[in-house]
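A structural walkthrough
Letter by letter, the chains look like this.
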Amino acid sequence: MKKTPFLLIAYFVWVSETRVDAYLDPGSGSMLVQLLLGGVAGAAVIMKLGWQRFKDVFRSSKAKQTDPNE
Amino acid sequence: MSEIALGAEAHGAKVTLEPGSFRDRTARVFYHDGKIFRGLNETALKEWQALSATNFYRRLSATGAIVATEQRDLASLPATSEQWAGVLEHERLPFVSYPYEWSFEMLRDAALLQLDLVLAGLDEGIGLKDASAYNLQWKGASPVFVDVASFYKRAEGEPWVGYRQFCQMFLYPLLVQAYRDVPFQPWMRGNIDGMDAEVCLNLLSARDYARGGVLAHVYLQAKAQKAYNATTRDVRKDLSKAGFDKRIIKANAERLRALVAGLQWKPKQTTWSDYLKCGHYEASDAEQKRAFVREAVHTRDWTLAWDIGCNVGVFSRIAADRAKYVVAMDADHLAIDKLYQALKSERVANILPLIVNVTDPSPNLGWRNLERKRLDERGRPDLVLALALIHHVVIGGNIPMAEFVEWLKGLGGDLVIEFVTRKDPMVVTLLRNKEDHYADYNEDVFERELGARFRIAKRQPLGSGTRIMYHAQLAH
């Protein structure tokens, strides 16, 4: 895939530049909600992530004792 | 001990760490020689160097939205126990305040500034590490962002790290106030991290789900947080790989901005609005009172004045003629909200309105009870106005007269105080449904207690005969 090198670079830049100093937990659920509120660009990321995985986020909390994706 | 001494001495002044500045380990606020500094580690120094070169930073510090900051030579400061790579000096703001002392409009304006910083930063690749309401302070009626170490060079693929915190510290408190008329201040005072999505959801009713922001920011976020609470997946990595970009943050922040700007708090009637209708003063009394306060205020210049029980701020404004800064306090949320709006529209820079109940003032809070300081540790006044207040404190609040006067003395300033006698209709109203246990509430006891602690420079009964004004000075 053509995109792979770019994503790899982006990943390492991101890990090296930002993760080190992030003292605040942005919240996994909150990060995913941002996609819903992010207009067209958010929808595009949702498609890439896979709708199936994404909709698990909002399933009944009863089923959430363990992570659905594990 | 409220500050941690680092043991280093220079020019006779110690370096003391700010005990509330520890969450972000890359930088820490400390004090030296009456000035305020921020030590930066190597990473934070690089971030600062990049930030200070941007138009974003130049523009927003020029407008005063970001606190005035200069880099200083490390060698000019005494060594501290931590090895900093660089040090910044910040402009010292006249009085520190906390979100649980702000009115609805104040929290809203602080929220809008926070969002504006997020949006403005995006274009220049700058992100914010957090979105704490404690990163904002006030210069009169203007919010100022004080934590320059919050800014960092945002990498593509990075989500808005502070979104959840923004909701907890700004959006949810504003929503419950606007939609449910639930005061947010006790929640903010009760939890240093603000209000959880789940708690906010519980406070809202079913019909609120149809109102702006509730479904997405509250309901879905509460659900998502629950679902992903124990996940072992690296969601940040997943998002980055899937191409999360700044347009998502922009769309979200812009919608949030419109939501916050459109929120309205329509309060039920409060003591304050009753007060305006009743008009407790005859016109001549009101004029005499203003003249008395004006004369006392004009005896000299003042650094910091407190107007306790300021109501709509008539006397705070008189104090502001000769005081560098006035903190105008009242327990009534609506009174402070109205005062704030007036001061904001007039661009008054030296009066800070705060919600304070003097019989239950803000305590020390947070880690080791040192993160947020009690009210009187944030700056002692050299002038105190306590007008039409004492009956609320002694009769309404059941505080013994002698203790109240002793507390006023402890503040350490000149005192302009109004004694409201038992003949006054307000006192009659306060006693109407109470057993009269207030033998200490009379003019003789008041004068005795005042005279034991202050020198009474001037005493003047108002024309109606039910109120007496005093200008009392500390006997040195």
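Cut-offs used in this document
- Residues numbered from 1 in each chain as written.
- Chains lettered and ligands numbered in written order.
- Predicted model: local features only at pLDDT ≥ 70, side-chain atom pairs only at ≥ 80, totals over all residues.
- Helix = DSSP H or I, 4+ residues; strand = E, 2+ residues; numbered from the N terminus.
- Rg over C-alpha atoms; globule rule 2.2 N^0.38 Å.
- Buried ≥ 20, exposed ≤ 12 C-beta atoms within 10 Å, placed from the backbone.
- Contact = placed C-beta atoms within 7 Å.
- Pairing = 2+ DSSP bridges.
- Axes fitted to C-alpha atoms, helices over the stretch in contact; angles between N-to-C directions.
- Expected span 1.5 Å × (residues − 1).
- Domains from an automatic or database assignment.
- Arc of directions from axis to C-beta.
- Parallel < 35°, antiparallel > 145°, perpendicular 65-115°, else oblique.
- Left-handed = near helix turned anticlockwise from the far one by under 90°.
- Nonpolar A, V, L, I, M, F, W, Y, C, P; charged D, E, K, R; others polar.
- Core = buried A, V, L, I, M, F, W, Y, C linked by C-beta atoms within 7 Å.
- Right-handed = clockwise from strand over helix to strand, strands pointing away.
- pLDDT = per-residue confidence, 0-100.

As for the overall build of chain B
Along chain B, the regular secondary structure elements total 17 helices and 17 strands. The globule rule puts the C-alpha radius of gyration for 476 residues at 23 Å, and the 25 Å found for chain B is close to it. C-alpha extents for chain B along the principal axes are approximately 75 × 65 × 40 Å. Taken across its 476 residues, chain B has 46% of its residues classed as buried. The contacts of chain B with a sequence gap of at least 6 include a subset with a gap of at least 24, amounting to 66%.

Focus: the overall build of chain A
In terms of regular secondary structure, chain A is built from 4 helices and 0 strands. Along chain A, helices and strands appear, N-terminal first, in the series α-α-α-α. A buried classification covers 24% of the 70 residues belonging to chain A.

Digging into the sheet that holds strand E17 (residues 467-474) of chain B
Residues and elements named next belong to chain B. Ordered in space as E13-E12-E11-E14-E15-E17-E16, the 7 strands form an open sheet in which the pairing is mixed. Of all the strands in the sheet, just strand E13 (351-355) and strand E16 (454-461) have a single pairing partner and so form its edges. The mean inter-strand angle of the sheet, taken between neighbouring strand axes irrespective of direction, is 15 degrees. Judged from the 7 bridges that link them, E16 and E17 form a sheet pairing that is antiparallel. Each bridged residue has a counterpart across the sheet, and for Arg 455 the counterpart in E17 is Gln 473. In the packing of helix H17 (residues 443-453) onto the sheet, contacts are made with strand E15 (414-420), E16 and E17, and the angle to E16 comes to roughly 145 degrees.

Side note on unusual backbone geometry
All names here are of chain B. Positive phi outside glycine occurs at Arg 347, with the angle close to 55 degrees. Here Arg 347 shows up in the loop between helix H13 (333-345) and E13. At Asn 369, a residue that is not glycine, the phi angle is positive and equals roughly 60 degrees. Structurally, the position occupied by Asn 369 is in the loop between E13 and strand E14 (383-386).

Here we look at helix H11 (residues 283-297) of chain B
Between its terminal C-alpha atoms H11 of chain B stretches 21 Å, which fits the 21 Å expected from 15 residues at 1.5 Å a residue. Tucked inside the fold, the buried residues of H11 of chain B contact helix H12 (314-319), E14, E15, E16 and E17 of chain B.

Brief notes about the domain arrangement of chain B
All names here are of chain B. If you check the domain split of chain B, you get domain 1 (4-90), domain 2 (99-262) and domain 3 (271-474). On a C-alpha basis, the centroid separation for the pair domain 2 and domain 3 is 36 Å. On the domain 3 side, the residues contacting the 15 residues of domain 2 number 19 residues. Looking at the side of domain 2 that touches domain 3, the elements that each hand over two or more residues are helix H3 (104-123), strand E8 (136-139) and helix H5 (185-190). If one sorts the elements of the side of domain 2 that touches domain 3 by residue count, H3 sits on top with 3 residues.

Notes on the environment of Val 348 of chain B
Residue and element names in this part refer to chain B. Structurally, Val 348 is set in the loop between H13 and E13. When the C-alpha positions of Val 348 and Ala 320 are compared, they lie 9.6 Å apart, and in sequence the two are 28 residues distant. When neighbours within four sequence positions are excluded, Val 348 is seen to be in contact with Gly 140, Ala 141 and Leu 343.

Digging into helix H1 (residues 42-52) of chain B
All names here are of chain B. Along H1, the residues classified as buried are Ala 44, Leu 45, Glu 47, Trp 48 and Leu 51. For H1, the arc enclosing every buried residue in end-on projection is 160 degrees, short of the 170-degree limit, so these residues lie on one face. Residues of H1 that are exposed and angled more than 90 degrees away from the buried face: Glu 42 and Gln 49. Of the surrounding elements, those touching the buried residues of H1 are strand E3 (27-32), strand E4 (35-40), helix H2 (55-62), strand E6 (86-90), strand E7 (126-128) and strand E10 (151-153).

Thoughts on the packing of helix H15 (residues 401-411) of chain B against H17 of chain B
All names here are of chain B. Interaxial distance between H15 and H17 falls to 10 Å at its minimum, and their mutual angle equals 30 degrees. One finds that H15 runs roughly parallel with respect to H17. Of the two elements, H15 crosses H17, and the hand of that crossing is right-handed. Contacts between H15 and H17 involve Met 401, Ala 402, Val 405, Glu 406 and Lys 409 on the former and, on the latter, Val 445, Phe 446, Glu 449, Leu 450 and Arg 453. Grouping the constituent residues of the contact of H15 with H17 by class yields 6 nonpolar, no polar and 4 charged.

Considering the nonpolar core
All names here are of chain B. In this structure, Leu 175, Ala 319, Leu 385 and Ala 386 are the most contacted members of the largest nonpolar core, which totals 151 residues. Counting residues per element, this core draws most heavily on helix H4 (residues 163-180), at 12 residues. With residues near it in sequence (within four places) discarded, Leu 385 still touches Val 293, Ala 305, Asp 307, Ile 308, Phe 315, Ala 319 and Val 416.

Quick notes on the pairing of E6 of chain B
Residue and element names in this part refer to chain B. Summarising the sheet, E4 and E6 pair through 5 bridges and their orientation is antiparallel. In the strand pairing of E6, Gly 39 is matched with Val 87. In this sheet, E6 lies alongside strand E5 (residues 69-72) in antiparallel orientation, the contact comprising 4 bridges. Looking across to E6, one finds that Gln 71 is bridged to Leu 88.

Examining the pairing of strand E12 (residues 323-330) of chain B
Residue and element names in this part refer to chain B. For E12, a buried count of 7 out of 8 residues is recorded, marking the element as mostly surrounded by other parts of the structure. With respect to chirality, the unit in which strand E11 (residues 302-308) leads through H12 into the neighbouring parallel E12 is right-handed. Here E12 runs beside E13; their pairing, made up of 5 bridges, is parallel. Residue pairing in the sheet places Asp 330 in a bridge with Ile 355 of E13.

Observations regarding the confidence of the model for chain B
All names here are of chain B. This prediction gives chain B a mean pLDDT of 92; 94% of its residues lie at or above 70. Taken together, the stretch residues 1-12 has pLDDT below 50 and engages in 25 contacts with residues farther than four places along the chain or on a different chain. Predicted complex metrics record ipTM = 0.82 and pTM = 0.90.

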